[in-house]
Amino acid sequence: MDRDIQAYFENLEAKDKEVQFEAFNVILAATTEKVDWAYEVWDQLQDWLTSPDNHRRSRAAQFLSGLAISDPEKRMLSDFPALWGVTKDLKFVTARHSLQSIWKVGLAGPEQKEMLMQHIVDRFQNGANEKHYTLIRYDMIQGLKNLYDRVNDEQIKQTAMELIETEEDSKYRKKYLSVWK
């Protein structure tokens, strides 16, 4: 890992919130491309998924989602349950930030994409008891759209449309469909 990225990881723990925020944004941007340092931080980020600090949990989930494309060992296939767990965090903002970035796991390969899709479909169909469920559904549909835009897999779009059709409330069905316009 180069010194700059290492320094940004250190700056995540800085007292100054602006320094933390800059570090977060730089690391997040770096994970949009394949990097050679993913495994240097992977275990630490895995630990952060269960940290008492909700900021750490959120950051770890967002970073690991992005780092999935830099995972030739396919660790994500076994580590995904812990990552998915953060999308159900007790702190809703943490859960939502995690959910809004988890679609990136689908960019890592067909196995990861299939695993992600199964989790999204299951939660969309069976998570009606969750607090803020319409927002969660919206985020999942948006994630499917983001993934579709990157990989252009018609099966993703078809799955999204099938999920949207199961929404009984026309107001929310219309809102979810708006993502695909």
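Being a predicted model, the structure only gives us computed values, none of them experimental.

Calculation notes
- Residues numbered from 1 in each chain as written.
- Predicted model: local features only at pLDDT ≥ 70, side-chain atom pairs only at ≥ 80, totals over all residues.
- Heavy atoms only, no water.
- Helix = DSSP H or I, 4+ residues; strand = E, 2+ residues; numbered from the N terminus.
- Axes fitted to C-alpha atoms, helices over the stretch in contact; angles between N-to-C directions.
- Parallel < 35°, antiparallel > 145°, perpendicular 65-115°, else oblique.
- Left-handed = near helix turned anticlockwise from the far one by under 90°.
- Contact = heavy atoms within 4.5 Å.
- Nonpolar A, V, L, I, M, F, W, Y, C, P; charged D, E, K, R; others polar.
- Phe/Tyr/Trp six-rings, centres within 6.5 Å; stacked < 30°, edge-to-face > 60°.
- Buried < 20%, exposed > 50% of the residue type's maximum accessible area, 1.4 Å probe, protein only.
- Lys NZ or Arg CZ within 6 Å of the ring centre and 35° of its normal.

A.B. asks: Got a sec to walk through unusual backbone geometry? Specific residues and values, please.
C.D. replies: Even without being glycine, K74 reaches a positive phi, approximately 60°. Take K74: it is sitting in the loop between α4 (54-67) and α5 (76-86).

A.B. asks: How would you explain the packing of helix α6 (residues 92-101) against helix α8 (residues 133-151) if you had to name every residue and give the values?
C.D. replies: Between α6 and α8, whose axes approach to 9 Å, the crossing angle comes to 20°. Classified by the angle between their axes, α6 and α8 sit roughly parallel to one another. Seen from above, α6 lies across α8 with right-handed handedness. Here F92, R96, L99 and Q100 of α6 lie close against α8, whose contacting residues are L135, I136, D139 and M140. Of the residues assigned to the contact of α6 with α8, the class counts are five nonpolar, one polar and two charged.

A.B. asks: So, the packing of aromatic side chains: which residues are in play, and what are the values?
C.D. replies: The tally for this structure, following the rule as stated, stands at eight aromatic pairs. When the centroid spacing of 5.8 Å and the interplanar angle of 65° are considered together, the rings of Y39 and W42 count as edge-to-face. One end of the pair is Y39 and the other is W42, both in helix α3 (residues 38-48) and three residues apart, which spans about a single turn. Overall, the relative accessible area of 24% leaves Y39 in the partly exposed class. Note on Y172 and Y176: the rings are 6.3 Å apart at their centroids and 25° apart in plane angle, and the pair reads as stacked. In this pair, Y172 and Y176 are both assigned in helix α10 (residues 170-178), four residues apart and thus about one turn of the helix distant. Positioned over the ring face of Y39 is R75, at 3.9 Å from the centre of the ring. A cation sits over an aromatic face here: R137 above F124, 3.9 Å from the ring centre.

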